[in-house]
Amino acid sequence: MRVGHGFDVHRFVDNRLLILGGVRIDFEKGLLGHSDADVLCHAISDALLGAAAMGDIGKHFPDTDPAYKNASSILLLKTVAQKLAVHQWQVVNIDSTLIMQRPKVSPFVDQMRENIASACAIQKEQVSVKATTSEGLGFTGREEGAAAHAVVLIEKRLGE
């Protein structure tokens, strides 16, 4: 068994969609990035890749590659899970936390969990998505951006 940790942050900007955990959320701003800037999926992808000692999201999906311009991060997460499966790793569980002042994401958490579970070929019960504010402190508190942490546990498939 191996544990991985991921962290990501993106700045809020005008004229972008806000996508978190593969869910489009109606909000006046979105997150800036080469892909759709889904900070939650990026943190989970990094945690999975780190647990498997396979590098990070930037290694596998560089922001210099036009193929990933505006790419769906939930599809990138699915690709990460498939890369792990090739090396006989399976996801045991994912625990993640979104950090942002606004918007409130609690109405979307179940759909995020379903999307993440589907991308990783696991059950929804194996995925935790939590959200918190930073009580008005720092860049997330000033609503300049969003951050996410993820911790994952992976294990080798039995009999392989």
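Check the entry above for the structure.
For every chain, the first residue of its written sequence is number 1, and the numbers climb from 1 along that sequence. Selection of residues for local features in this predicted model requires a pLDDT of at least 70, selection of side-chain atom pairs for listing and counting requires 80 or more, and totals for whole chains, interfaces and linings are taken over all residues. To get the side-chain values, take all heavy atoms of the structure and skip hydrogens and water.

Our focus in this paragraph is the packing of helix α1 (residues 39-51) against helix α3 (residues 73-86). Running from N to C, α1 and α3 cross one another at 10°; their axes reach a closest spacing of 9 Å. One finds that α1 runs roughly parallel with respect to α3. Seen from α1, the contacting residues are Cys-41, His-42, Ile-44, Ser-45, Leu-48 and Leu-49; seen from α3, they are Ser-73, Ile-74, Leu-77, Val-80 and Leu-84. Throughout this entry, Asp, Glu, Lys and Arg are counted as charged residues, while Ala, Val, Leu, Ile, Met, Phe, Trp, Tyr, Cys and Pro are counted as nonpolar. The remaining residues, Gly among them, count as polar. Looking at the contact of α1 with α3, its residues break down into eight nonpolar, three polar and no charged. Angles shown run from 0 to 180 degrees and are taken between the N-to-C directions of axes, each axis being a line fitted to C-alpha atoms and, for helices, limited to the stretch in contact. Helix and strand labels come from DSSP, where a helix needs a run of H or I of at least four residues and a strand needs a run of E of at least two; each type is numbered from the N terminus. By definition in this entry, angles of less than 35 degrees are roughly parallel, angles greater than 145 are roughly antiparallel, angles of 65 to 115 are roughly perpendicular, and the rest are oblique. Residues are treated as being in contact if the distance between any of their heavy atoms lies within 4.5 Å.

The subject of this paragraph is the environment of Met-100. Mapped onto the elements, Met-100 comes out in the loop between β5 (89-99) and α4 (109-120). Each residue's exposure class comes from its accessible area (1.4 Å probe, protein chains only) as a fraction of the maximum for that residue type: buried when under 20%, exposed when over 50%, partly exposed otherwise. The class for Met-100 is buried, based on a relative accessible area of 3%. In this structure the C-alpha to C-alpha distance between Met-100 and Lys-69, which are 31 residues apart in sequence, comes to 24 Å. In this structure Met-100 touches Phe-12, Leu-20, Val-105, Thr-132, Thr-133, Thr-140 and Ala-146, once residues within four positions along its chain are discounted.

So, about the pattern of salt bridges. One speaks of a salt bridge when a side-chain nitrogen belonging to Lys or Arg is within 4 Å of a carboxyl oxygen belonging to Asp or Glu. Under the counting rule described, the total for this entry stands at seven salt bridges. Two residues, Glu-28 and Arg-102, come together in a salt bridge whose shortest N-O distance is 2.6 Å. Of the two residues, Glu-28 is situated in the loop between β3 (23-25) and β4 (30-31) and Arg-102 in the loop between β5 and α4; the sequence distance between them amounts to 74 residues. Its relative accessible area of 49% is what places Glu-28 among the partly exposed residues. Accessibility expressed as a relative area gives 34% for Arg-102, which makes it partly exposed. One salt-bridge network, in which partners are shared between bridges, spans Asp-110, Arg-113, Glu-114 and Lys-124.

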